[in-house]
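# Inside the fold
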Amino acid sequence: MPHAAWTELEAVARRDADARILDQFAADPDRLTRLSLDAAGLHLDLSKQSWTRSGFETALELARAADVEGRRAALFDGEAVNATEGRAVLHPALRAPEGADFHALGEAVSAEVATVRSQMRDYAHAVRSSIETGATGRPFKAVVHIGIGGSDLGPRLIWDALRPLEPAIDIRFVANIDPRDMAEALTGLDPETTLVVVVSKTFTTQETLANAEAAKAWLAAALPAEGMERHFIGVTAAPERAAAFGCGRTFAFRDWVGGRYSLWSAVSLSCVIGLGWEAFQGFLDGAAALDRHFLEAPLARNAPVLMALAQIYNVDGLHRPARTVAPYAHGLRRLPAFLQQLEMESNGKRVRRDGSPVGRQTCPVVFGEPGTNGQHAFFQQIHQGPQVVPAEFVIVASTDGTTSESPLWANALAQGQALMQGKTEAQAHAELIASGAPDAEAEVLAPHKTFPGNRPSTAILMERLTPQTLGALIALYEHKTFVEGVIWDINSFDQWGVELGKVLARAVLTDVAAGAPSPALDPSTAALLDRLLK
Ligand code: F6P
C-alpha cells in the first residue's frame, strides 16, 4: 500500500488542522470552482470541507497511489474484487443500458440481466393492470415485501422517495422478526388482494423465513389451497429454495450482486409493481449516468472520488470518526438508514485485502435524520460539541415543481453556513449587550452562545427528487464507498462481521428450547437469559 502517500496526507492534515475553512476561499480564489461539480443531475459542493488546497492535492495523490483507476477497471471488468468470497461485484451491469456487455469472472451476464428485467416489467404490468390476479380471481391491491438488510433498505428508500400520495397498489415492508412488524403491515389488508414478495439473496435468513412463514399462515387461513401460490413470489439468488418454500414464481439474481447493492435487481420488484416500469427504468438510467461519470471523469473532477477523499481526510487526517447525513427532503428520510448498511457493512473492516491490519481508522459511524427534524435533536452537538462531526446535506430544490420547499433548503444552507462560520465569544457578547442584557449577564451567557465554527460540510443538490436523481444519488454513494475501500485497501464486498452473532443466536435459541442457559454461557448472558426465560 502507498505508505508515503498516507504519511504525506497525515502530515499535511496535521499542519493545516487549524486552518479556517472560510479563509481558504480568499487564499485560494478558485476553491469553489475546483471543489464543486455537476454529475448525472446532481450538483456537489465540497468547498466547505476542511481541506486546504494542499490537503486536497495530497488526498488526490493518495487516490492515485492506491490505483483507484485500476481497481475501478477491475470492478467494471467483473474480476473477483470480492476475493474472500471469490465473486465479481457487478451491480453496474444491472443498470447499464440495453446492449451493454458485462462479464462476471469471464461469463457474459448482460443477456440474463435483460431477461430478468423483461420478466419484472411484464409481471409488474400484469399485476398493475389486473391481468394477474389472486387465488379467488380478484386483482392485487397491496404488496407485502418481506426482507431484511439489503433486501429491505433499498426498496424501502425507493418507495418512500417516489411513491404517489395515494398509490393504486400499496406496498408494505416487513423486516423485523418481532411479530409486531408483520401485524402492523397486515393491518387493513385483505388476503384475497394481497401479494407477498419474499426477498432474500440466500433464502436462509432467519428473520425473513420466519416472516414468510407467518405471511403464509395468514394467507392460508383465508384462501383456497388451489391458487395460493399466486400470492407468493420469491426474489432470490437461490431459486430452488424459494420454490421449495412454496413461491409460485421466482425472480432471480446472481451471486455477483451484493445484498446492499441489490436494489437495482429484482429485489426492487415490489417497487416496480407499485411505481410502474417507467419509473424504475428512470432509476436505472440515473445510476447508469453516474456510472459513466465515475468511469470517465478525471479523478480531480470525479464526484464519488471527491466524496471519498473528503471522508478519508476527515477520518484519517483529522481523526473524526463520525459523519452525519441530513437529507432535506421527506422522501429521503430513509437515506441515513440505507447508508448505514451501505457504508458500515461495506467498510467497517479492520484488515486489508491481504489479511494484515489496516492500522488506521476505516468507516466512520454514519448517522442522520431528515432535515429539519435533526436540527431539533442532535444538531446541538454538531454545532457546539467538542467533537467535530462532518455533515452532509442532501438538498432537493423542489419536490412539487414550485419554490414551496424554500424553508426546507433555506435551513440546509443556513446549517452549512453556521457550521463553517461559527460565532466568536466577542460576537456573542456584543449581541447580548445590543439586545439589552446587562454586562454581567452577557459575561455569563456569552460562552454558552459561542460557536467554534470551522466545521466541515458537503452539499449535494438536485433540482427534483425523480427516479433519475434518486438513482444517481445512490450510485454516487455506492462508488464513494468503493473508492474508500480501495484507498483503505479493504474488501468492501464481504460482511463476515455479521456471522458470529447469527451463530450465537442459534445457540441461544437451543438453550431457549431446552428451557435453561447452557453451562457454557458466560455469567452475564446466562443471567439475562435466565431472567427472560422466567
Ligand atoms: O446479515 C447481513 C446480511 O447478510 C446482509 O448483508 C444482507 O443484506 C441481509 O443479511 C439479508 O440477506 P438475505 O438477502 O440473504 O436475506
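Residues numbered from 1 in each chain as written. Predicted model: local features only at pLDDT ≥ 70, side-chain atom pairs only at ≥ 80, totals over all residues. Heavy atoms only, no water.

- As recorded in an unreviewed UniProt entry, the chain goes by Glucose-6-phosphate isomerase and comes from Brevundimonas pondensis.
- Regarding the chain, the relevant UniProt record gives this comment under Subcellular location (unreviewed entry): "Cytoplasm".
- Its UniProt record gives the chain a comment under Sequence similarities (unreviewed entry), which states: "Belongs to the GPI family." (UniProt positions renumbered as here; feature names shortened; annotations may be inferred.)

### Focus: the sheet that holds strand β7 (residues 194-199)
- Spatially, the five strands line up as an open sheet ordered β6-β5-β7-β8-β9, and their pairing is parallel. Strands at the two margins of the open sheet, each flanked by one partner only, are β6 (170-174) and β9 (249-252). Each neighbouring strand pair of the sheet contributes to a mean axis angle of 20 degrees, computed without reference to strand direction.
- Relative to β7, strand β5 (residues 142-146) runs parallel, the two being bridged by five bridges. Counted as the bridge partner of V144 is V196 from β7.
- Helix α8 (residues 153-162) rests against β5 and β6 of the sheet, and its axis sits at about 145 degrees to β6.
- Strand contacts of helix α9 (residues 179-186): β5 and β6, with the helix running at about 175 degrees to β6, the strand carrying the most contacts. (Pairing = 2+ DSSP bridges. Helix = DSSP H or I, 4+ residues; strand = E, 2+ residues; numbered from the N terminus. Axes fitted to C-alpha atoms, helices over the stretch in contact; angles between N-to-C directions. Contact = heavy atoms within 4.5 Å.)

### Remarks on the site of the ligand
- By nearness alone, 13 residues border the ligand, and G150, S151, S200, T202 and T205 come closest of all.
- At a separation of 2.6 Å, an oxygen atom of the ligand approaches a polar side-chain atom of T202.
- Here an oxygen atom of the ligand and a side-chain polar atom of K502 are 3.3 Å apart.
- Burial of the ligand by the surrounding chains reaches 87%, relative to a free accessible area of 400 Å².
- Most atoms of the ligand, that is more than half of them, are within 2 Å of grid points of the largest pocket.
- Considered class by class, the residues forming the shell around the ligand number two nonpolar, eight polar and three charged. (Near = heavy atom within 4 Å. Polar contact = N/O pair within 3.5 Å; in protein donor to acceptor, adjacent residues only side chain to side chain. Areas by Shrake-Rupley, 256 points an atom, 1.4 Å probe, with all protein chains shown as cover. 1 Å grid on protein atoms, 1.4 Å probe; cavity = no way out; pocket = protein on both sides within 12 Å on 5 of 7 lines; lining within 4 Å. Sits in = over half its atoms within 2 Å of the grid points. Nonpolar A, V, L, I, M, F, W, Y, C, P; charged D, E, K, R; others polar.)

### Thoughts on the packing of aromatic side chains
- Scanning all chains against the criterion turns up 16 aromatic pairs.
- Both rings, one in W51 and one in F56, keep their centres 5.1 Å apart while their planes meet at 80 degrees; by these two values the pair is edge-to-face.
- Classification of W51 by relative accessible area gives buried; the value is 1%.
- Centre to centre, the rings of F378 and F379 are 5.3 Å apart; their planes meet at 50 degrees, and the pair counts as tilted.
- Residue class for F379 comes out buried when judged on its relative accessible area of 3%.
- Among the aromatic side chains, those forming a connected cluster through ring pairs are F76, Y261, F294, F482 and F493.
- The side chain of R95 reaches across the aromatic face of W264, ending 4.5 Å from its centre.
- When the ring centre of W6 is taken as reference, the NZ or CZ atom of R360 above it lies at 3.8 Å. (Phe/Tyr/Trp six-rings, centres within 6.5 Å; stacked < 30°, edge-to-face > 60°. Buried < 20%, exposed > 50% of the residue type's maximum accessible area, 1.4 Å probe, protein only. Lys NZ or Arg CZ within 6 Å of the ring centre and 35° of its normal.)

### Concerning the pairing of β7
- Counted residue by residue, β7 has six buried out of six residues, so it is predominantly covered.
- As judged from the four bridges shared by β7 and strand β8 (residues 232-236), these two strands associate in the parallel manner. Among the inter-strand pairings, V197 is bridged to a residue of β8, identified as I233.
- Chirality of the crossover, the property in question, places the unit of β7, helix α10 (residues 206-220) and β8 among those that are right-handed. (Right-handed = clockwise from strand over helix to strand, strands pointing away.)

### Topic: the nonpolar core
- Within the largest apolar cluster, 116 residues are counted, with the highest numbers of intra-cluster contacts made by W256, L332, Y477 and I487.
- The greatest single-element share of this core, amounting to twelve residues, is contributed by helix α20 (residues 467-488).
- Domain assignment of the residues forming this core places at least three in each of domain 1 (3-78 + 283-421 + 455-494) and domain 2 (110-253).
- With 21 residues, the next largest nonpolar core counts V174, M182, A238 and A242 among its residues. (Core = buried A, V, L, I, M, F, W, Y, C linked by side-chain atoms within 4.5 Å. Domains from an automatic or database assignment.)

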